[in-house]
Structure formats: structure tokens, C-alpha cells
Amino acid sequence: MQYSLARSEQGQTLGITAKMANRHGLIAGATGTGKTVTLRKMAEAFSDDGVPVFLVDVKGDLSGLVKAGTFSGKVAERIEQFDLGGESYLNGYPVSFWDVFGETGIPLRTTISEMGPLLLSRLLNLNATQEGLLNLVRAMLKFVAENAKSFQVEYGNVSAASVGAIQRALLTLENEGATNLFGEPALNLEDWLQTRDGRGVINVLNSEKLINSPRMYSAFLLWLMSELFEQLPEVGDPDKPKFVMFFDEAHLLFDGAPSVLVDKVEQVVRLIRSKGVGIYFVTQNPLDLPDTVLGQLGNRVQHALRAFTPRDQKAVKSAAETFRSNPAVNVVETISTLGVGQALISFLDEKGMPAPVEVAYVYPPKSQLAPITEEERAAWVKDDDLYAFYKDYVDNESAFEVLNAQADLAAVQQKQAEQAQQEKESGLFGSLSRMIFGTQKRGDKLSPTEQIVNSVAKSVGRNIRNEVTKQIMRGILGALKK
């Protein structure tokens, strides 16, 4: 089966082969050249075949997917031009709206434990030393009976500067709205792998606000890829994909990312296709993506690029080199003269080989191009079956609260013990006791576990000043409750 997406200048229908849709893809081009229309058309095609989809909506203009388009203007012109079936071509789609901030969609949350130290360090913009400190705190759970000296031997000195840097990053993160991202109920990815009336549900993440916090945006999307890779079973090469994801503003996933994280993304992109997942990166310039990732993207749609600067010229040349050549198409010259809705297209054939590049017109979307009103969107969200489950934040008792309670109790017991010791030492028998037995050291009556819990809770738990720090501690210390 082929998902028909465009018509070449020679009248040939071009589309992605369903069996090759999980070989990933790239949609590139300058602003205003038609990338969003291409993204929408692809999402609709997958949905029509019962494949659930995830879209990042960075401009807030994809909500019209829920309604059938209007047979007028350029849309009607293209429908008639390509004989697509008149008004019957138009259609609305099953959509679930999501929003990290819970303002324009179903609240979307994850947990610190699921995020993991690597992505958490990315989220906090930590350097290698500060990332090591996060790993140290997590490792303390495994070596709870060890003393501070042994931790320093394995992880290096815990400096006040590193602690301060993490605390400042936490405060910045909270100001960016991360309190909304971390919490429960956390997203169950199975809720994104749904169909309605035989069509795949299109999950739209409103990122108008999220995109203003690039680290939070990139860390969440990278977590999403990793979670799918970890949770989904191996399916090899299915007849059609199990799930397809579109990442707009894809350069934000890699800007300033350490090499170890880029390597991780490259590994996930390379292997996740065996789980039946296709990933499509949407960006202005192919050079925005690392070569190791770009090389994994077999299905290509290249809209116009403007060669105004040396970097632009390099991008044009780079884009041209990635296509399988076609004697009838001069890619370097054509790529700068494409009109809106036109693109250079090369999809993988049945054998996984790239087809020769063609100049083509992308078909118009079937759904409404304009976004729906805020009132319509709010009503749609509340009618969604998933809304009732995710709408309310659940503040479960966690190891964080347990540790604080233990710390308070330990502090009271310690104070009582010190007072009793002082009273004992104040008299004659106290003096004699000191002479014979020596002075009792603080903490002698606490077990190693109680000592470390007391230390961690007193040095960190009691100094909690914001909700993000609370969530960080919940994730790090959560294993103690298991």
C-alpha cells in the first residue's frame, strides 16, 4: 500500500510506501514554503490507514484537523487540478489535544524517575560535573550504608558550587513551568496508540508556550522517543507502522546537546523502527540535524531553500547530495526556485531504495486549514474520554514525604538524646562516666540507613523552596518506598 501525498510535474502520483514508513523521514524548507501543509497531509494519510500519530503544534494552527476543510480557494483549485474527488475529498479527523500546561488540552505529565539522569541533566543544562552530582544522589540509594568518604572516592568531591548550580537551574526550570510537566497521573503511552472508527487518533501537543522553553521542549520529546523504544515490543518490518511521530523545530533537539545525548538519539532513531515507529523531523535546514541522524531518514520532502548566505548555499548543496539523482532534475537550481506547496520528493520504494528525486505538488489537506475557536477546542478536549483521567493532578505520598517525616522524627529523637546526655554529663556520675567510657558520639544509636536518611533529608529535604525541587527529590528518592 502507498500513502498518496503528491503529484509530480509529469503527472505521477508520489507517496510513502506503508511498509517503509517506519524508515523515518525529513520535511525541510524555509519558513512559509509549505512544511506544515506537508506535515498535515502526511498525518491525515497515516490516520486514514488506522495508524495513530503524534504531532507537535508549535504555531497553534493544527486544531483545524478536527473539521472537514472548505471547498474553496486554493484548496478547491488543487482538488480539481489533481482530480481528487471534489467535496467528498474533504474530511475531519479524530484528534486528542494535549498540553503540558493543561490550558488548551489534556494535561500531559511525566515523572522524574521516567525522565532519567541523562535527560534531566539536559533539562537543567548541567555540565558533566553537575550531572555527576545527580548520578551520585541516585547512587546513594544503592550504597546507603556507605559513608561520605567512599562516595567521594567513586564520584569525586561534591562541591558547593555544583549544588548551587543545580539549585539555580531548578529555580529557572520552575519559572519556565516545569512544575506542570512533572507529576501524576503520568502519560501512559498506550493512550496514544488508539484508533477511532478505524482511523488512527492524531495526538496534537500544543507547544506554542512550551517552545519558549527549548530545553524542556527537547528533553520531553527525547524522553518520548526513549520511552517508546523501551516499552514497545519488537515487530520487525510490519506492513504498516504502529505509530508515527512528527517533531517540528527539530533543531531544538540537538542545539547545545552533549555528544553522549546525540549518540543516544542516533541510537534510538536507528533502532526504534524495529518497534514499528516512524519518526519525521521537520526543520528549516537539513544542516540542523547531525549527519548520524540525517543518514537514518529515508523519506525526504524538501521545500524551497533560499541561498542568501554561505551557510544557505552549503545547505542547498548538502540537500542536493542526499537525493538519488534524476537526469531530468537539477536539484541545486530547482531547490531555490520552488513555489509554495512545491517540493523535491524522494520516498523509499518497496525494496527500501530511494526513488529518483522528483519535483512535485503536495496534495492539499482534507481537514480545515484554519484553527478552530478556543471555545470549540475547549469543548472538544472535555469530550475526550481521556480527559477525565488526566485532568486532575494527583499528589500521591511518596518517598519524599516519607523521608521528611523520618527526618523530623529522627531530629526530635536526636535532640532528646542530646538533652539526656547533657543532663547525665552535668553531674558527678556524668563526669565518672566520661572518665571510664568516654563521651558518646552523635549518631551512635542510629543505624547506617538512619544516618544517611537523616543526612539527606536534613541537607536537602528541609531546604526545599520550590515545587520542581520537590519533584526532583520524589524521583531520586522514590526507590526507597519500593
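Numbering of residues begins from 1 in every chain and follows the order in which that chain's sequence is written. In keeping with the model being predicted, local features are shown solely for residues with a pLDDT of at least 70 and side-chain atom pairs are shown and tallied solely at 80 or more, while totals for entire chains, interfaces and linings include all residues. Hydrogens and water are ignored here; the side-chain numbers use all heavy atoms of the structure.

Time to look at the overall build of the protein. Secondary structure elements follow DSSP: runs of H or I no shorter than four residues count as helices, runs of E no shorter than two count as strands, and numbering proceeds from the N terminus. Secondary structure assignment for the protein yields 18 helices and 14 strands. With 482 residues in all, the protein has 53% of them scored as buried. Whether two residues are in contact is decided by their heavy atoms, any of which lying within 4.5 Å being enough. Relative to all contacts within the protein whose residues are 6 or more apart in sequence, the contacts with residues 24 or more apart total 78%. Working definition of accessibility: Shrake-Rupley area with a 1.4 Å probe, residue cover restricted to the visible protein chains. Only carbon and sulfur atoms are counted for the fraction: they give 51% of the accessible area of the protein, which is about 22,500 Å². Each residue is assigned to one of three classes by its accessible area relative to the maximum for its type, calculated with a 1.4 Å probe on protein chains only: buried under 20%, partly exposed between the two thresholds, exposed over 50%.

So, about the sheet that holds strand β10 (residues 243-247). Judged by pairing direction, the sheet is mixed, and its 12 strands sit side by side in the order β2-β1-β14-β13-β12-β3-β11-β10-β4-β9-β5-β6 without closing on themselves. Strands with a single pairing partner mark the edges of an open sheet, and in this sheet they are β2 (13-17) and β6 (106-107). By the bridge criterion, 5 bridges tie β10 to strand β11 (residues 277-283) in an arrangement that is parallel. Directly across from V244, in β11, lies its bridge partner G278. Here helix α1 (residues 35-48) sits on the sheet and contacts β1 (2-8), β2, β3 (25-28), β4 (53-57), β9 (202-206), β10, β11, β12 (299-302) and β14 (358-362); the angle it forms with β1, its principal contact strand, is near 145°. Two strands are said to pair when DSSP picks up at least two bridges between them. Here the axes come from fitting lines to C-alpha atoms, over the contacting stretch only for helices, and the angles between their N-to-C directions go from 0 to 180 degrees.

Before going further, it helps to examine unusual backbone geometry. Of note, D83 is a non-glycine position whose phi angle comes to about 50°, a positive value. Position of D83 among the secondary structure elements: in the loop between α2 (73-81) and β5 (95-99). In the Ramachandran plot, D197 falls in the positive-phi region, its phi being about 55° despite a non-glycine side chain. Tracing the backbone shows D197 in the loop between β7 (195-196) and β8 (199-200). Look at D197 and you get exposed, because its relative accessible area is 83%.

What follows concerns the packing of aromatic side chains. In summary, the pairing rule links any two rings of Phe, Tyr or Trp, Trp by its six-membered ring, whose centres are within 6.5 Å, and it sorts them by plane angle into stacked for under 30 degrees, edge-to-face for over 60 and tilted for everything else. Across all of its chains, the model carries 13 aromatic pairs by this definition. Both rings, one in F46 and one in F246, keep their centres 6.3 Å apart while their planes meet at 50°; by these two values the pair is tilted. Placement of F46 in helix α1 and of F246 in strand β10 is noted, with a sequence separation of 200 residues between them. Here F246 falls in the buried class, since its relative accessible area comes to 0%. Each ring, one from W98 and one from W192, has its centre 5.7 Å from the other, and the planes form 65°; the classification is edge-to-face. Taken as a pair, W98 in strand β5 and W192 in the loop between α7 (178-181) and β7 lie far apart in primary sequence, 94 residues in all. Exposure remark for W192: the relative accessible area of 1% places this residue in the buried category. One aromatic cluster in this structure is built from F54, W98, W192, F247, F254, F281, F389 and Y390. Two conditions define a charge sitting above a ring: the NZ of Lys or the CZ of Arg must be within 6 Å of the ring centre, and it must be within 35 degrees of the ring normal. Directly above the ring of Y89 sits K366, whose terminal nitrogen or CZ lies 5.5 Å from the centroid.

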